[in-house]
Amino acid sequence: MKKATLFILVILLTASLYAQRPHGQGGPKPHKPFNVEAVVSDLSAVQKKKLESVTNDSKKRVDKLQAELKNVRQQIRTLMDKDGDNSAKLFPLLDREGVLQAEITKEMYNTRLLIDEILTPDQLKELRTKLAAERPKRPHHR
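Source: prediction; values computed, not measured. (Residues numbered from 1 in each chain as written. Predicted model: local features only at pLDDT ≥ 70, side-chain atom pairs only at ≥ 80, totals over all residues. Heavy atoms only, no water.)

Draft legend 1. Seen up close, the packing of helix H2 (residues 45–81) against helix H3 (residues 87–118). Taken N-terminus to C-terminus, the directions of H2 and H3 make an angle of 170°; their axes are 9 Å apart at the nearest point. As the angle between them shows, H2 and H3 are arranged roughly antiparallel. A class-by-class count of the residues in the contact of H2 with H3 yields 18 nonpolar, seven polar and nine charged. (Axes fitted to C-alpha atoms, helices over the stretch in contact; angles between N-to-C directions. Helix = DSSP H or I, 4+ residues; strand = E, 2+ residues; numbered from the N terminus. Parallel < 35°, antiparallel > 145°, perpendicular 65-115°, else oblique. Nonpolar A, V, L, I, M, F, W, Y, C, P; charged D, E, K, R; others polar.)

Draft legend 2. The confidence of the model for the protein chain, seen in detail. Averaged over all residues, the pLDDT of the protein chain is 83; the fraction at 70 or higher stands at 73%. Averaged over each element, pLDDT in the protein chain is lowest for helix H1 (residues 2–19) (56) and highest for H3 (96). (pLDDT = per-residue confidence, 0-100.)

Draft legend 3. Seen up close, the nonpolar core. Counting residues in hydrophobic clusters, the biggest one holds 12 residues: Val36, Val39, Val40, Leu43, Leu51, Val54, Ile115, Ile118, Leu119, Leu124, Leu127 and Leu131. A total of three residues in this core trace back to one element, the largest contributor, which is helix H4 (residues 121–134). Those residues in contact with valine 40, other than ones at most four positions away along the chain, are Gln123, Glu126 and Leu127. (Core = buried A, V, L, I, M, F, W, Y, C linked by side-chain atoms within 4.5 Å. Buried < 20%, exposed > 50% of the residue type's maximum accessible area, 1.4 Å probe, protein only. Contact = heavy atoms within 4.5 Å.)

Draft legend 4. Looking closely at the environment of aspartate 42. Turning to its location among the elements, aspartate 42 is positioned in the loop between H1 and H2. Ignoring sequence-local partners within four residues, the contact set of aspartate 42 consists of Gln47, Gln123 and Glu126.

Draft legend 5. Quick peek at the pattern of salt bridges. Scanning the model with the defined rule gives eight salt bridges in all. In this structure, arginine 73 and glutamate 97 form a salt bridge, with 2.8 Å as the shortest nitrogen-oxygen distance. In this pair, arginine 73 is assigned in helix H2 and glutamate 97 in helix H3, connecting sequence segments 24 residues apart. For the salt bridge of glutamate 126 with lysine 130, the shortest nitrogen-to-oxygen distance reads 2.8 Å. With glutamate 126 and lysine 130 both in helix H4 and four residues apart, the pair spans about one turn of that helix. Look at glutamate 126 and you get buried, because its relative accessible area is 19%. (Salt bridge = Lys/Arg side-chain N within 4 Å of Asp/Glu carboxyl O.)

Draft legend 6. Spotlight on the side chain of threonine 55. Among the secondary structure elements, threonine 55 is positioned in helix H2. Note on threonine 55: relative accessible area 12%, which makes it buried. A distance of 3.2 Å separates the side chain of threonine 55 from the backbone oxygen of glutamate 52, its partner in a polar contact. (Polar contact = N/O pair within 3.5 Å; in protein donor to acceptor, adjacent residues only side chain to side chain.)

What follows is the structure, given as C-alpha cells:
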C-alpha cells in the first residue's frame, strides 16, 4: 500500500511540475483523461460505463480549473511585463495560481481513487504493472 501511495504521489508531483513549465514552452495542455480501457483487458460493461462517467466528470472539472489557471497565468504575465511595483496585484494572483494547480492535482487524485473503487484487485494489479512498464518510455522520465 505504501508503494502504491508513493507511486501515485510521484505521478501527481510530476504532473503538477509539468503543468507549471514556463509559458514559452506551450503552457498547460488540455486535460486528457487516462484511458483505463486501453490498459486493463477484462473490464465488464458496467465497469466501462462507470469509468466513462468518472473520467468525463473529472475532465469537465479539470478543464474548468485549467481554463481559470490559464487566465490567471495570463494576468501574471501581463503584470510581470509592466514597469513599477505591481506586488499588490501580482502576489494574490501567484497565490491563486498555486491554489488552482493544487485543486487540479487533487481532482486527478480523487479521480484515481474513484477508478480504484471500480476495478477489481486483479485489474488494479494489471493496471499498476502495465503503468510501471510504460513509465521509462515517457519523455519526462528520461
